[in-house]
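Structural description and commentary
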Amino acid sequence: MRRAFFTCLSIGFLPLLILASALALVFADQAAILPGDFMGFLQYRPFFVAFLGVVLGCWFNRSRAVFAMLVLSFCYWFFFGAAEFLPPQGDRFLQLASLYIIPLNMLLFAFMSERGVFRKRGIARILFLAVQLFALMLLAVRPDVASALSKVLDVQFIELAGFANAVPQAAIILFSLVFLVLLARGRPLEFAFACTLPAVLVATLAGAKYIPFGYLAATGIILLALVQEAWRMAFVDDLTGLSGRRALVHALAELGGKYSVAMLDIDHFKKLNDVHGHDAGDFVLRKIARELAHIGHGGKAFRYGGEEFAIVFSGRDVAWAYDVLDHLRDQIAATRFTLPGKKLAVGITVSVGISEKDGRPCDAWDVLKEADEKLYLAKNAGRNRVVV
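This report concerns the structure included in the present document. In this text, all values refer to a predicted model and were calculated from it rather than measured experimentally.

Note that glutamate 308 resides in strand β3 (residues 308–314). Here glutamate 308 sits buried without a salt bridge, and the closest side chain of opposite charge, arginine 245, lies 7.4 Å off (N-O distance).

Pasting the structure below:
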C-alpha cells in the first residue's frame, strides 16, 4: 500500500502542480495582480508547447501523445483563430464541439496501442484526426447547420444561473465519466490525459479570457508526461520495473563514505529457459525483481543485465547487507513459483556476492567488480548462498 501511494504520488504530483498553477493564475488575474500584457503573451503559448510535444513524441515514438497534442491544438484554434474564417454560428459550434471531441479522443487514445507516428497505423490515425477537423469545418461554414448543431450540443438538463451554463451539462457528464475511466487505467500517460480534462473544463467555465490558461496547462501536462516517459525509457528496465543499468551508473557515481554493493544471480536460469521457455524465464525475473523492489533496509535494487541484479546499500557495511540478503535468499528458496499457463510450481534459488568500501583507494565500480567475483565464488561453492 505504501509503495502504491508513492507510485501514485510520483505520477500525479507534477501534473496536479501544473493544474494548481493554472488555477492560481486565474485567481491572480481576477485580483488584478498579473501584468496587463500577460494575456497577450500567453495566447499563443499552447501552440508552442504542443509543437514541442509533437516533436518529442515523434522523437520517442510516442504516437498517442502526438495525437493528443494535435487534438488540443486544433481545439484551441477553434477559440483563437477559427473566427477569422467562419461565421459567428460556426465559431460557436466548433467551441461547443471541442468539449466533446477532447474527452472522446482522449478516451480513444488511452485504449490505443503504440504503433508509431509514421508507420501505416500511425498515418491512418493522423488521417482520422484530419477527417474529424475537415468534417467539423464543413459543418461550421454553413450558418444554418452550425446553429442547429449548436442547439443539439448545448444540452442543459437543469436550469442553473451564472457561469454554470457556460458548458453543456452533457459535456460535463462526459468529461467526468472519461476522467474516471482514464484514472482507472492507472498508467502515467493515461493519468496525463485525465488531467487535461479538468484543465480544459475549468478554463471554459471561467470564461473565454481564461481558455489559454486551460490549454497551456493541458499541453504542459502531456509534455511533462513525455519527459517522464523519456526518463523511464532511459532509467527503468521494462521487463522488471526496477531501475536499469544507466540508473546504476548514476547511483554508483553518487556513493561516498561507507557503502556496500551486492551482485545477485538467479541459479540455473538458462536451464529454466531451455526447459520451460522464455515466458517462464521472464515470469521468474519479474517475481525476483518484485522481491528485490521491497528489499528496504537501505538497499536499492537495479537490473544489471540478464538474470543478474545489483543491490546498493548506501551508508551500510557488509554485515548489514549480509543479514538483509541472506534473509531474502532464504525467503526465495522457500517459495514455490507457479509458472503461468503450466500449472507447475518450481523452486528458485539465488546466489549473492557482497563487497564493501573499506577505506581502500578504490571507486564504486571496483567494489561492484569485487562483489561480482564473490558471486562467482558463491556459484562455485554450490549456489544458493551469500559470499562476502
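Now that the structure is up, let's keep going.
With that settled, the discussion passes to the sheet that holds strand β7 (residues 386–387). What the 5 strands build is an open sheet, ordered β2-β3-β1-β6-β7; its pairing is mixed. Every interior strand has two partners, whereas the edge strands, β2 (299–305) and β7, have only one. As paired strands, strand β1 (residues 259–266) and β3 are joined by 7 bridges and run antiparallel to one another. The partner of serine 260 across the bridge, within β3, is phenylalanine 313.

What follows deals with helix α13 (residues 278–293). With 16 residues, α13 should reach 22 Å at 1.5 Å per residue; the first-to-last C-alpha distance of 22 Å fits that figure. Taken residue by residue, α13 has Ala280, Gly281, Phe283, Val284, Leu285, Ile288, Ala289 and Leu292 as its buried positions. In this fold, the buried residues of α13 make contact with β1, α12 (269–276), β2, β3, α14 (318–333) and β4 (336–339).

This next bit is on a nonpolar patch on the surface. Together, Phe48, Phe51, Leu52 and Val55 line one region of the surface with nonpolar side chains, adding up to about 390 Å² of accessible area. Overall, phenylalanine 51 belongs to the exposed group, its relative accessible area being 53%.

A few words on the packing of aromatic side chains. Summed over the entire model, instances satisfying the criterion amount to 12 aromatic pairs. The rings of Tyr44, Phe47, Tyr76, Phe79, Phe80 and Tyr215 are connected pair by pair, giving a single aromatic cluster. Positioned above the aromatic ring of tyrosine 304 is the side chain of arginine 245, whose terminal nitrogen or guanidinium carbon lies 4.0 Å from the ring centre. In this structure, arginine 316 packs its charged tip against the face of tryptophan 320, placed 4.2 Å from the ring centre.

Turning our attention to the state of the cysteines. By definition, a disulfide links two cysteine residues through a covalent bond between their sulfur atoms. Under the definition given, this model contains 0 disulfides. Note on cysteine 58: no disulfide assigned, nearest cysteine sulfur contributed by cysteine 75 at a separation of 19 Å. According to the relative accessible area criterion, cysteine 58 is partly exposed, its value standing at 26%. Of all cysteine sulfurs in the structure, the one in cysteine 195 sits closest to cysteine 75, which takes part in no disulfide; the separation is 18 Å. Judged by relative accessible area, which is 0%, cysteine 75 ranks as buried.

Conventions adopted
Residues numbered from 1 in each chain as written. Predicted model: local features only at pLDDT ≥ 70, side-chain atom pairs only at ≥ 80, totals over all residues. Heavy atoms only, no water. Helix = DSSP H or I, 4+ residues; strand = E, 2+ residues; numbered from the N terminus. Buried < 20%, exposed > 50% of the residue type's maximum accessible area, 1.4 Å probe, protein only. Lys, Arg positive; Asp, Glu negative; His and termini not counted. Salt bridge = Lys/Arg side-chain N within 4 Å of Asp/Glu carboxyl O. Pairing = 2+ DSSP bridges. Expected span 1.5 Å × (residues − 1). Contact = heavy atoms within 4.5 Å. Patch = residues over 30% accessible without salt bridge, like charges linked within 9 Å, V, L, I, M, F, W, Y side chains within 5 Å. Areas by Shrake-Rupley, 256 points an atom, 1.4 Å probe, with all protein chains shown as cover. Phe/Tyr/Trp six-rings, centres within 6.5 Å; stacked < 30°, edge-to-face > 60°. Lys NZ or Arg CZ within 6 Å of the ring centre and 35° of its normal. Disulfide = S-S within 2.5 Å.

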